[in-house]
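Residue strings, one per chain:
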Amino acid sequence: MADFVFALLAQITAGSVLHPAHVSRRLACLQDVHAFQIDMFRSLLHGAGRMPGVASVLLVDPACHQNFGDTMLSEGELSLFASVGWDHGTVVQCNLNQARYTRGKCADILGPHERRPRFAVALLHAGGNWGSLYMQVHAPRMQLLRTLLQRNVTVIGMPQSMFYADAEGARKDARAIASYTAAYPRAAARMTLLWREPAHLLRARALFPSVRNELFVDVAFHLGPLLPRLAQTDVLFACRTDHESTGVCARLMGSVAAQRPDLRLLQRDWAQLEQPDKGAAHHAGRCPARALMASALEMLTGVHVLVADRLHITVLGYLALAPRVVLLDQSYGKVAGVHALLRNVSATCGRHAPAAELAAGLGVYDGGGGFASGLSAILAAVDESNATTDQAWI
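Residues numbered from 1 in each chain as written. Predicted model: local features only at pLDDT ≥ 70, side-chain atom pairs only at ≥ 80, totals over all residues. Heavy atoms only, no water.

Describing the pattern of salt bridges
Two side chains carrying opposite charge are able to pair once their charged atoms lie near each other. Scanning all chains against the criterion turns up twelve salt bridges. Between Glu 168 and Arg 171 there is a salt bridge, and its shortest N-O distance comes to 3.3 Å. Here the residue Glu 168 and the residue Arg 171 both occupy positions in helix α6 (residues 167-183), the gap between them amounting to three residues, near one helical turn. Under the relative-accessibility criterion, Glu 168 is labelled partly exposed at 38%. Given a relative accessible area of 43%, Arg 171 falls into the partly exposed group. In this structure, Arg 205 and Glu 214 form a salt bridge, with 3.5 Å as the shortest nitrogen-oxygen distance. Counted as one network, the salt bridges with shared partners bring together Arg 240, Asp 242, Glu 244, Asp 269, Arg 310 and Lys 334. (Salt bridge = Lys/Arg side-chain N within 4 Å of Asp/Glu carboxyl O. Helix = DSSP H or I, 4+ residues; strand = E, 2+ residues; numbered from the N terminus. Buried < 20%, exposed > 50% of the residue type's maximum accessible area, 1.4 Å probe, protein only.)

Quick look at the structure:
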């Protein structure tokens, strides 16, 4: 089925404004990424002795909220689960913080010890980041982790980035996981944490040596490919406005507007997505992800060049075969780390940018002496878009 979808998209896009070689490379890269994700996920289940269909699976706190990047991760997880044979009836979902009104509380679903459901595997949702950045997500996740290991449930943490504001926060989590694996029989063999950046994998192995830590491509890549849209806007700036922003994205937009007043520029963020009826979603007991996805894709409709410092807007642009994307990093470097991992997975993914751009780190500019380079990359992408239909991922 997956091969059919890729072949169909290649045929659909063959007559579009996208250059056939560009489409072919992007689709080949995504096929390699999907194969890597499926093979590795199956190997994790084999290693735990928990193959699909053996027993129910618990997905902990799948996001469903306005920051659609986290919701993309939830949908990517469900797509990956389907690829290994878990249907929606197999996967039970529960809420700690991010699932909100669409799922029952994890404490209620797990229930008292004597009447709990017998889950073979619990998967910790990839969104929210690991560490102190979003403690309203991480603190209850760490508490639930202890309960799951105590009940002899195999735990797989879906791929995360890691950030701690101070060393004590990292040491606290290290002590907690060490105590869990020491206290509960076979807990060390039943826990795996996945990381989407090589640097974070190395840090995790130093902090949490008693459990398995592995690299895994950001699970939102399992959502695509998606059908591209025709371009009508010159540049879309998708700029963060929260505490992960560096301010570089907005500054670049101001500079582009000053230098090229002829360009049609737009600025958007997840907060501007059209939100579905929460009451209806709560009544239906499911996340309105399809409506959110349609709104997110609408944001990308008609864009020649996407400039973004939100990780999953750049991933969405890649999946939707956006002609050109200029990556900007957020405050602690996860945009660069996640996209760089693609080159480790597939040589095809390493060919989705010119050699000069790859040498510069996939065109990621953090503003630290690189502001002029970022501005030049944006203006060059616009000029190339106007001059030719040969598309390039910048």
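With respect to the state of the cysteines
A complete count under the given rule lists two disulfides for this structure. Here Cys 94 engages in a disulfide with Cys 106; their sulfurs sit 2.0 Å apart. Here Cys 94 and Cys 106 share a disulfide; its torsion about the S-S bond, 80 degrees, makes the bridge right-handed. Of the two residues, Cys 94 sits in strand β2 (residues 91-94) while Cys 106 sits in helix α4 (residues 106-110), which places them twelve residues apart along the sequence. This pair shows no difference in class: Cys 94 is buried, exactly as Cys 106 is. Here Cys 239 pairs with Cys 249 through a disulfide, and the sulfurs are 2.1 Å apart. One disulfide, between Cys 239 and Cys 249, carries an S-S torsion of -65 degrees and so falls in the left-handed class. Linking Cys 239 in the loop between β9 (231-238) and α8 (248-259) with Cys 249 in helix α8, this pair joins segments that are ten residues apart in sequence. Exposure class is identical for Cys 239 and Cys 249. Each is buried. (Disulfide = S-S within 2.5 Å.)

Details of the packing of helix α3 (residues 68-83) against helix α10 (residues 289-300)
α10 packs onto α3 with a crossing angle of 125 degrees between their chain directions and a minimal axis gap of 11 Å. Comparing their axes, α10 and α3 come out oblique. For the pair α3 and α10, the crossing hand works out as left-handed. On α10, the residues touching Phe 68, Thr 71 and Glu 75 of α3 are Ala 289, Leu 292, Met 293 and Ala 296. (Axes fitted to C-alpha atoms, helices over the stretch in contact; angles between N-to-C directions. Parallel < 35°, antiparallel > 145°, perpendicular 65-115°, else oblique. Left-handed = near helix turned anticlockwise from the far one by under 90°. Contact = heavy atoms within 4.5 Å.)

Observations regarding the nonpolar core
Within the largest apolar cluster, 95 residues are counted, with the highest numbers of intra-cluster contacts made by Phe 41, Leu 123, Phe 208 and Phe 221. By residue number, the principal contributor to this core is helix α2 (residues 20-48), which donates eight residues. Grouped together as the second largest cluster of nonpolar side chains are 20 residues, Val 256, Val 305, Phe 371 and Val 382 included. (Core = buried A, V, L, I, M, F, W, Y, C linked by side-chain atoms within 4.5 Å.)

Description of empty space enclosed by the protein
With the rule as written, the count across this model stands at four cavities of 30 Å³ or more. Taken together, Val 60, Asp 61, Leu 96, Gln 98, Leu 124, His 125, Gly 127, Val 137 and Arg 141 form the lining of the second largest cavity. Taken together, the residues of the lining of the second largest cavity break down into four nonpolar, three polar and two charged. (1 Å grid on protein atoms, 1.4 Å probe; cavity = no way out; pocket = protein on both sides within 12 Å on 5 of 7 lines; lining within 4 Å. Points joined across faces, edges and corners; volume = space filled by probe spheres on them. Nonpolar A, V, L, I, M, F, W, Y, C, P; charged D, E, K, R; others polar.)

Describing the packing of aromatic side chains
All told, the structure shown has six aromatic pairs when counted by the stated rule. With a centroid separation of 6.0 Å and an interplanar angle of 70 degrees, the aromatic rings of Trp 130 and Phe 208 are classed as edge-to-face. A residue pair is termed long-range when its members are at least 10 positions apart, and Trp 130 in strand β4 (residues 130-131) and Phe 208 in the loop between α7 (198-207) and β8 (212-215) qualify at 78 residues. Each member of the pair, Trp 130 as well as Phe 208, is classed as buried. Among the aromatic residues, those joined into a cluster by ring pairs are Phe 41, Phe 81 and Trp 86. (Phe/Tyr/Trp six-rings, centres within 6.5 Å; stacked < 30°, edge-to-face > 60°.)

Side note on helix α12 (residues 334-345)
For α12, with twelve residues, the first-to-last C-alpha span of 17 Å sits near the 16 Å given by 1.5 Å per residue. Listing the buried residues of α12 in full gives Lys 334, Val 335, Gly 337, Val 338, His 339, Leu 341 and Leu 342. (Expected span 1.5 Å × (residues − 1).)

Concerning the sheet that holds strand β7 (residues 191-195)
Strands sit in the order β2-β1-β3-β5-β7-β8 across an open sheet of six strands; the sheet is parallel. If you trace the sheet from one side to the other, it starts and ends with β2 and β8, each paired once. Across this sheet, the average inter-strand angle for adjacent strands is 20 degrees, counted without regard to direction. Looking at chain direction, strand β3 (residues 121-124) and strand β5 (residues 154-160) are connected through four bridges and run parallel. In the strand pairing of β5, Leu 123 is matched with Ile 156. (Pairing = 2+ DSSP bridges.)

Notes on helix α11 (residues 311-319)
Summarising burial for α11: nine of the nine residues are buried, a large majority. Considered for burial, the residues of α11 that qualify are Leu 311, His 312, Ile 313, Thr 314, Val 315, Leu 316, Gly 317, Tyr 318 and Leu 319. Downstream of α11 by one or two residues, Leu 321 has phi in the positive range, about 60 degrees.

Let's talk about the side chain of Arg 310
Here Arg 310 lies in the loop between β11 (302-308) and α11. Only 2.5 Å separates the side chain of Arg 310 from the side chain of Asp 269, close enough to count as a polar contact. Residues in contact with Arg 310, not counting those within four places in the same chain, are Asn 67, Ala 238, Arg 240, Asp 242, Asp 269 and Trp 270. (Polar contact = N/O pair within 3.5 Å; in protein donor to acceptor, adjacent residues only side chain to side chain.)

Comments concerning the pairing of β5
Taking burial as the measure, the seven residues of β5 include seven buried ones, the bulk of the element. Inspection of the sheet shows β5 paired to β7 by four bridges, in the parallel sense. Paired with Ile 156 across the bridge in β7 is Thr 192.

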